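Architecture and fold: a report
Chain by chain, the residues run as shown.
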Amino acid sequence: MNKNYEKWLNSEYIDENTRQELLAMSEKEIEESFHSEMKFGTAGLRGIIGWGTNRINIYTVRKATQGFADYIKAEGADAVSRGVAIAYDNRRKSIEFAQNTAGVLAANGIKAFLFESLRPTPELSFAVRHLHCFGGVVITASHNPAEYNGYKLYDSHGCQLVPRYLDRVTEFVSAVPDELAVKCLSLEEAGDLIEIIGSEVDEAYYEAVKTICVTPDVDKSNFKVVYSPQHGTGNVPVRHVLTTLGYNVIPVLEQCDPDTEFSNTKNPNPERPEAYELALEKAKEVDADIVITTDPDCDRLGVAVKQNGEYILMTGNQGGAVLLEYILSRRTANGTLPKNGVMFNTVVTSDLGDRVAAKYGIETEKTLTGFKFIGDKIRTHHNTDKKQFVFGYEESYGYLISDFVRDKDAVQSSLMLCEAAAYYKTMGKTLYDVLTDLYKEYGYFKDHLTSLTLPGLDGAKQIEKIMSDLRANPKSEVYERKVVKIYDFMSDEMTAQGYPKSNVIKYVLEDGTWIAIRPSGTEPKCKFYYSIVSRDINRIPSKLEIIRKEFEPQL
């Protein structure tokens, strides 16, 4: 019998109902749920809700929180007194997990600031600094399916913990002797150690968001935007900010309720076309200029643009390049673009944005996948004041315009995207027209992502083999193009360049095309990223398919 399973089954801390659920598990369910412990990935802990050490439940949440609490106490009395801000989204068990997080912190004498109801992830990042907290926690699984939930940790700067901090927290978490025995106070027992927060933080955050406008007086009179929050946390803040500033926002009402099951959307992920179905129906009904949708925790933004009577979905790479062009061109025009500006994106983000930034004299710095690395870069440059942050983004639909938040922020990016679309409309252009202009200037960039879903233990072994085979058999030529560089982010070479070790391999070809491969840090997937570059748009589809066949295993 699995030792972890046996421990849970016989624990005095497990109630009878839970014990019966454990007894009802099949051998395969026991193996999947108890074969290991949940590990922090790209964006914290994330997993399927259920009983077991490899599932997210009140016990794995309590263990993670106890480790975080021990880390805070090791930092001293000031860290303990400053406390932790806690937010949560609309998912199953989110409220329960958030209250358990607060209860464990309170049991350790650490102040917890718990939002009264669901709030977007970027507002948690804001709240940490606004309330002068030592850290933060968000209960969310972002855009994952309904059976998932997750747990993100933040530092005192409102940034998700990067490895140099997370590794220490992980040591404390691993040292917790028994996740089932972690002490957790109720809200009543905690008293003043748990403080419920709400409108005061909301209003401060909304006012900060409104300051990002670069063309605040843009004509909005003939501009319509359809918006869906995908049943998530964006409903109130996005609609509030946009309507307050005079935008005509038509909500997809069927997707505005904070539904744990995401009943009225086929997929809450803005990266997936099926997420837009109801919004596109509404857009055609009201003749909207654009459609925007945010994921459940409102840190990612997707957009569809009306172009010649049809709606075209834009990718995260395309949206980032267009936003960058708008922000930099307008700030150049109004004299607010800094001479020492810097833009951040990731090693799997298209290089189109880099070229846009260079045109305006803005430096680009690359980070590993995960917005926490961008947030950490922002903090570093803010402290030294040698470079000024102007924009940050990643291919997975995450953007940041102003650094009062240190994570991707779909409330900010919703406002900026609407402003850009309204501005270009006054010039007789759409956002897609702007993208086409960029292609004409810099060449065509076709970005593609293949995500191989490989669940369970067998899937983990397959992913490990994919990566080991790539390292053992490096390619010198792809699509009859010379490979000019292979970046292995597990190597000492990349560590020397400031990158933490990460299981990522990136091939760069002589024509600027690149391919990157990495296991997902949040889902049982192996991801293949392609950025195909060509001056001839007609050659791109066949080029992409040939390159895909060279890299993707035939499973």
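Residues numbered from 1 in each chain as written. Predicted model: local features only at pLDDT ≥ 70, side-chain atom pairs only at ≥ 80, totals over all residues. Heavy atoms only, no water.

The next point concerns the overall build of the protein. For the protein, the helix and strand inventory stands at 20 helices and 21 strands. Expected size for 555 residues packed as a compact globule is a radius of gyration near 24 Å; at 23 Å, the protein falls within 12% of this value. Principal-axis analysis of the C-alpha atoms gives the protein an extent of 70 × 55 × 50 Å. By residue count, 59% of the 555 residues in the protein fall in the buried class. Look at the contacts in the protein between residues 6 or more apart in sequence, and 70% of them connect residues 24 or more apart. If you sum the accessible surface of the protein, you get close to 22000 Å²; carbon and sulfur atoms cover 49% of it. (Helix = DSSP H or I, 4+ residues; strand = E, 2+ residues; numbered from the N terminus. Rg over C-alpha atoms; globule rule 2.2 N^0.38 Å. Buried < 20%, exposed > 50% of the residue type's maximum accessible area, 1.4 Å probe, protein only. Contact = heavy atoms within 4.5 Å. Areas by Shrake-Rupley, 256 points an atom, 1.4 Å probe, with all protein chains shown as cover.)

This part is about the sheet that holds strand S21 (residues 525-534). Pairing within the open sheet is antiparallel, and its 6 strands lie in the order S16-S21-S20-S19-S18-S17. The open sheet terminates on both sides in strands that have one partner only, identified here as strand S16 (444-453) and strand S17 (477-478). Taken together, the 4 bridges between strand S19 (residues 505-509) and strand S20 (residues 514-519) define a ladder with antiparallel strand orientation. When the sheet's bridge partners are listed, Ile505 is paired in S20 with Ile517. (Pairing = 2+ DSSP bridges.)

Before going further, it helps to examine the nonpolar core. Counting 105 residues, the largest nonpolar core has Ile290, Ile292, Phe391, Leu431 and Phe551 as the members making the most contacts within it. Here the element with the most residues in this core is helix H16 (residues 410-426); it accounts for 11 residues. Excluding anything up to four places from it in sequence, Leu431 contacts Ile290, Val305, Met314, Val322, Leu417, Ala420, Ala421 and Tyr424. One finds Ile30, Phe40, Ile72 and Tyr88 within the second-largest nonpolar core, a separate group that totals 46 residues. (Core = buried A, V, L, I, M, F, W, Y, C linked by side-chain atoms within 4.5 Å.)

On to the environment of Arg300, then. Within the fold, Arg300 resides in the loop between strand S9 (290-294) and strand S10 (301-307). Among all residues touching Arg300, those that are not within four sequence positions of it are Ser142, His143, Pro270, Glu271, Thr293, Thr294, Asp295, Ser396, Tyr397, Lys408 and Ala410. A polar side-chain atom of Arg300 sits 3.1 Å from the main-chain carbonyl oxygen of Ser396. (Polar contact = N/O pair within 3.5 Å; in protein donor to acceptor, adjacent residues only side chain to side chain.)

The phi dihedral of Lys93 is positive, around 70 degrees, even though this residue is not glycine. Mapped onto the elements, Lys93 comes out in the loop between strand S2 (84-88) and helix H6 (94-107). On the accessibility criterion, Lys93 (43% relative accessible area) is partly exposed.

A few words now on the packing of helix H1 (residues 3-10) against helix H2 (residues 16-23). Remark: H1 packs on H2, axes separated minimally by 9 Å, with the N-to-C direction vectors making an angle of 150 degrees. Considering the relative orientation of H1 and H2, their crossing is left-handed. Every residue of H2 that contacts H1 at Tyr5, Trp8, Leu9 and Asn10 is listed here: Arg19, Leu22 and Leu23. For the contact of H1 with H2, the residue count by class is 5 nonpolar, 1 polar and 1 charged. (Axes fitted to C-alpha atoms, helices over the stretch in contact; angles between N-to-C directions. Left-handed = near helix turned anticlockwise from the far one by under 90°. Nonpolar A, V, L, I, M, F, W, Y, C, P; charged D, E, K, R; others polar.)

Our focus in this paragraph is the pattern of salt bridges. This structure, assessed with the given rule, holds 45 salt bridges. Note that Asp403 is salt-bridged to Arg406, the shortest N-O span being 3.8 Å. Of the two residues, Asp403 and Arg406, neither departs from the other in class, the shared state being buried. Residues participating in the shared-partner salt-bridge network are Lys152, Asp297, Asp299, Glu394 and Lys408. (Salt bridge = Lys/Arg side-chain N within 4 Å of Asp/Glu carboxyl O.)

Turning our attention to the side chain of Gln255. Summarising the element assignment, Gln255 is placed in the loop between strand S8 (248-251) and helix H12 (277-286). Judged by its relative accessible area of 1%, Gln255 falls in the buried class. There is a polar contact of 2.5 Å between the side chain of Gln255 and the side chain of Ser228. With residues near it in sequence (within four places) discarded, Gln255 still touches Ser228, Pro229, Gln230, His231, Asn264, Thr265 and Leu278.

Time to look at the packing of aromatic side chains. Inspection of every chain in the model, using the stated rule, returns 22 aromatic pairs. Centroid distance Phe391 to Tyr393: 5.5 Å. Interplanar angle 35 degrees. Geometry classified as tilted. Phe391 sits in the buried class, given a relative accessible area of 0%. Judged by centre distance (6.5 Å) and plane angle (25 degrees), the ring pair of Tyr393 and Tyr399 falls under stacked. Tyr399 shares its class with Tyr393; the two are buried. Ring pairing ties together the aromatic residues Tyr5, Trp8, Phe34, Trp51 and Tyr59, which thus form one cluster. In this arrangement the basic side chain of Lys220 is found over the ring face of Tyr247, its NZ or CZ atom lying 5.3 Å from the centre. Directly above the aromatic system of Trp514 lies the positively charged group of Lys506, at a separation of 4.3 Å from the ring centroid. (Phe/Tyr/Trp six-rings, centres within 6.5 Å; stacked < 30°, edge-to-face > 60°. Lys NZ or Arg CZ within 6 Å of the ring centre and 35° of its normal.)

Right, let's get into the sheet that holds strand S3 (residues 112-115). Spatial strand order, S1-S5-S4-S2-S3-S6: 6 strands in an open sheet with mixed pairing. Among the strands making up the open sheet, the edge pair consists of strand S1 (45-48) and strand S6 (194-197). Each adjacent strand pair in this sheet contributes to an overall mean axis angle of 15 degrees, direction not counted. Along the sheet, helix H4 (residues 58-74) makes contact with S1, S2, strand S4 (135-139) and strand S5 (148-154), crossing S5 at roughly 0 degrees. Against the sheet, helix H7 (residues 121-130) engages S2, S3, S4 and S5, with an angle of about 165 degrees to S4.

It is worth spelling out the environment of Gly50 at this point. In this fold, Gly50 is placed in the loop between S1 and H4. With 17 residues separating them along the chain, Gly50 and Ser33 place their C-alpha atoms 7.9 Å apart.

A pair of packed helices can be characterised by two numbers: the angle between their axes and the separation between those axes. At their nearest, the axes of helix H14 (residues 352-359) and helix H17 (residues 431-442) sit 11 Å apart, and the two run at 80 degrees to each other. In this view, H14 runs roughly perpendicular relative to H17, as classed from their interaxial angle. Between H14 and H17, the contacting residues are Leu352, Arg355, Val356 and Lys359 on the first element and Leu435, Leu438, Tyr439, Glu441 and Tyr442 on the second. Classifying every residue of the contact of H14 with H17 gives 6 nonpolar, no polar and 3 charged. (Parallel < 35°, antiparallel > 145°, perpendicular 65-115°, else oblique.)

A word on the pairing of S20. Of all 6 residues in S20, 6 are buried, a share of seventy percent or more. Connecting S19 to the next strand, S20, in antiparallel fashion are 4 residues, including Gly512 with a positive phi near 95 degrees. Taken together, the 6 bridges between S20 and S21 define a ladder with antiparallel strand orientation. From the neighbouring strand, Pro519 faces S21, where its bridge partner is Cys526.

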